Every structure is written in structure tokens, then in C-alpha cells.
Amino acid sequence: MRDLVIIGSGPAGLSAAIYAKRAKLDVVVIEKAGYSGGQIITTERVDNYLGLPEIDGFSLGNRFREHADKLEAEFIDDEVLKIEEITDSEGKKAYKVMLDKGEAIETKTIIAATGASHRKLGAAGEEEFMGMGVSYCATCDGAFFRNKVTAVAGGGDVAFEDALHLSSLCEKVYIIHRRDEFRAAVNIQQKVKETANIEILPFYEIKEIKGDKKVTSVQLVQNKTGEEKELGVSAVFIAVGMNPQTDIFKDFVDLDEKGYVKAGEDCKTSSEGIYAAGDIRTKPLRQIVTAVADGATAVQSVERYLHQR
Ligand code: NAP
């Protein structure tokens, strides 16, 4: 039986992996994406991770993984389908982690570090035109729309960063947002306002994404007046936030009303032996630095639990 299974290899999972290896725990990391780094892999530039100004997300993700590899952390590329509660040979609580390819791993503890996935807008045409002008990753797909007119939906950091990235490639970029206040950091809002080919359309919502085989326009509704207008665009980048990936844990741990795993700074969940680290956890600030900190803290909680178990 393993001491620890870490599920997810974004910044929280990889940080947990290096702390667990240094603590000489028998640990394995499960990653379903086939690569490590989580959301930061598609982040063009990370400007707020201490000591590494202006590093690109792909490089930072790779450096995190290289660090875990250097400590010989073990990784399995597979998806966790189900977790079961079991008792070990001494009658103590433990878990069985079932993987898609058939393997089942018994472990005394689990760190849930599965992060969050892109929230859907829910507009007509969104599913239909996915990959044909509808994208959730401007860094990945922006270059396909060089010199075209594009739109970004949302008013957070991701929407504003996406718009700035697209402004260097596209003829024009619209930011479509349902309010006239923005969650994006003030400095990035300022940069957007100073960029000539970005236009913000406040109080607008996307009713429908239209096209033939590819996106050609969006039908907008002004949510104060009900006025509608059609805007010609070749692509819509949707950046309306994230949903925590908690499906495999929800039968074991308490979630808050938005679906995040309830856990404090010690990363302890409502279930003994299960810890939550990174974006999946209830917390005031979801950033790389807070995810990395969670990875370390979660392992410390695991060690304490294993000692008194
Ligand atoms: P976010 O901050 O939650 O913003 C989501 C945006 O989408 C909000 O403007 C929200 O509008 C809008 N929205 C949500 N549901 C919508 C719907 N159904 N229809 C229309 N609009 C909708 O999400 P995010 O930008 O993805 O960022 C996620 C987290 O990562 C945040 O904590 C962010 O600070 C962090 N992050 C940080 C950095 C950085 O520090 N460099 C970079 C990227 C992300 P309302 O405001 O009206 O609710």
C-alpha cells in the first residue's frame, strides 16, 4: 500500500510531489492529460511568480516537472475513474484509486490537485462551432486568426490577457462583457485600454454564435435595453472562468456552493486522509504561487496524519 497518491500534476500536484519525495514518502502522481503543468502550460506569459519575471507558462510548467523528475517522482499517465474507501490489514481507513486502464492503487492518503476546467458560456452555437472558431485557449489557437476580427467573452484576467495576446495578431479584438466592471487586475485593464485595436463592449451578452462551417458572426444582446446586434467575427475566445474538477471526490468530501472542495490552509478536507491542494480548494486567491504553497502544506498535513494514524 502506498503512503500517498497525488491526483493531478499542475503546480499544486508537482509541488506536493517534490515535498513528498523529500519526505521519503512512497508516492505516485496520476495525470490524465498526458503532460504536466496544468493550466499554466497554455499561459503565454507569467508575470507574477516570484523570481521568474516574464517566463512563459510552458517553460515554467516544464521546469516544475523537471524538478519532480530530478527527485525521481513516479508518474502514471492515466485517468482516475473512481475512488473507494477501504480498510488496510490493520483495520485502518485507506483508499483504492481505480484507473481507466485497469490498475487499482491502494493508498493511505490522497492529495486532490485536479484543478479546474474551462466554464462554458452556454450560448447557442458554442458546441457546434467548437474548434471551428470557438476556442477556450487564445494562446493555443490565436495564430489561426491572424489579421482577422475576433471576440473574447469575459471580464476577468484570462479574458483581458487573451485580448492582449490576440491584439498582436488580429486586425481587431472585441471584449464582450456582461457588466461594465471587470475582475481583471487593474494594470492589465490599463494595458487593454491603451491598446488601439481592442474595443470593450460592456453590458453585452452573446446570444448566438453563427456561421456556416466556421464562425462568421456573433449575435449580441444589450442586457439593459434588450437591443440586439450582429458582430462579424472569425473567432470567439471564451474566458468566463473555471469549474473545479471534483467529480471523483464529491462522494467523500464536502464542497462549497460553487463546487470547490472545502478545505482550510492546512488542506484538510472533511474526509480523513484526503487533502485538497491548488485551484480545487476553497481559497481567496487562485494563483500559481498559492497552488505551489498548497502542495507543500498538503504534504505536511499528510505526514502528520501518517505519524498519528
Ligand atoms: P474569473 O476571474 O472568474 O472571471 C470570469 C469572467 O467571466 C467574469 O468577468 C465573469 O463576469 C464572466 N462570466 C462568468 N460566467 C459568465 C457567463 N455565463 N456569461 C458571461 N460572462 C460570464 O475567471 P478567469 O479570468 O478565468 O480567472 C480564473 C482565476 O485565475 C482568477 O482567480 C484569476 O485571477 C486567475 N488568473 C490570474 C492570472 C494572473 O495573475 N496573471 C492570469 C489568469 C488567471 P462577472 O464579473 O460579471 O461575474
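The sections below set out a description of the structure shown in this document. Bear in mind the structure is a predicted one, so any value in this text is a computation, not a measurement. (Residues numbered from 1 in each chain as written. Predicted model: local features only at pLDDT ≥ 70, side-chain atom pairs only at ≥ 80, totals over all residues. Heavy atoms only, no water.)

Structural notes on the side chain of Ser-301
We apply this condition: Helix and strand assignments follow DSSP, with helices taken as H or I runs no shorter than four residues and strands as E runs no shorter than two, numbered in order from the N terminus. Note on contacts: a residue pair qualifies if any of its non-hydrogen atoms lie within 4.5 Å across the two residues.
Relative to the helices and strands, Ser-301 is located in helix 6 (residues 288-308). Aside from chain neighbours lying at most four places away, what touches Ser-301 is Asp-266, Lys-268 and Tyr-275.

What about the sheet that holds strand 9 (residues 149-153)?
Put simply, the rule is: Should DSSP find at least two bridges between two strands, the strands are taken to pair.
Taking strand neighbours across the sheet as the criterion, the five strands line up as 8-15-9-10-11 in an open arrangement whose pairing is parallel. Edge strands, defined here as strands with exactly one partner in the open sheet, are strand 8 (134-135) and strand 11 (198-202). Judged from the five bridges that link them, strand 9 and strand 10 (residues 172-177) form a sheet pairing that is parallel. When the sheet's bridge partners are listed, Ala-153 is paired in strand 10 with Ile-176.

Topic: helix 5 (residues 186-193)
Definition in use: Buried means the residue's accessible area, taken with a 1.4 Å probe over protein chains only, is under 20% of the maximum for its type, while exposed means over 50%, and partly exposed covers the values in between. Within this analysis, the arc is defined by the directions that extend from the helix axis to the C-beta atoms.
Residues Ile-188, Gln-189 and Val-192 constitute the buried set of helix 5. Buried positions in helix 5, seen along its axis, are confined to an arc of 105 degrees and lie on one side of it. Residues of helix 5 that are exposed and angled more than 90 degrees away from the buried face: Val-186, Asn-187 and Lys-193. Lining the buried residues of helix 5 we find helix 4 (157-167), strand 10 and strand 11.

Regarding the packing of helix 4 against helix 5
What counts is decided by this rule: Angles run from 0 to 180 degrees between N-to-C directions of axes, and those axes are lines fitted to C-alpha atoms, restricted for helices to the stretch in contact. Throughout, a crossing is termed right-handed when the near helix is turned clockwise from the far one, and left-handed when it is turned anticlockwise from it by less than a right angle. Basically, the charged four are Asp, Glu, Lys and Arg, the nonpolar ten are Ala, Val, Leu, Ile, Met, Phe, Trp, Tyr, Cys and Pro, and anything else, Gly included, counts as polar.
It is the contact of helix 4 with helix 5, at a shortest axis distance of 10 Å, that shows an interaxial angle of 35 degrees. For the pair helix 4 and helix 5, the sense of crossing is left-handed. For the pair helix 4 and helix 5, contact is made by Asp-157, Phe-160, Glu-161 and Leu-164 and by Ile-188, Gln-189, Lys-191 and Val-192, respectively. Along the lines of polarity and charge, the residues of the contact of helix 4 with helix 5 split into four nonpolar, one polar and three charged.

Regarding the site of the ligand
So the rule is basically this: We call a residue near a given molecule or strand whenever any one of its heavy atoms falls within 4 Å of it. Think of a polar contact as two N or O atoms within 3.5 Å of one another; within protein, one of them needs to be a possible hydrogen donor and the other a possible acceptor, and neighboring residues in sequence only count if both atoms come from side chains. Note on areas: these come from Shrake-Rupley sampling with a 1.4 Å probe, and a residue is covered only by the protein chains present in the view.
As a matter of local geometry, the ligand sits amid 18 residues, with Asn-48, Gly-155, Asp-157, Arg-179 and Arg-183 nearest to it. The backbone of Gly-156 places a nitrogen or oxygen atom 3.5 Å from an oxygen atom of the ligand. A distance of 3.1 Å is found between an oxygen atom of the ligand and a side-chain nitrogen or oxygen belonging to Gln-287. Computed on the free molecule, the ligand has an accessible area of 910 Å², of which 76% lies beneath the protein chains in the complex.

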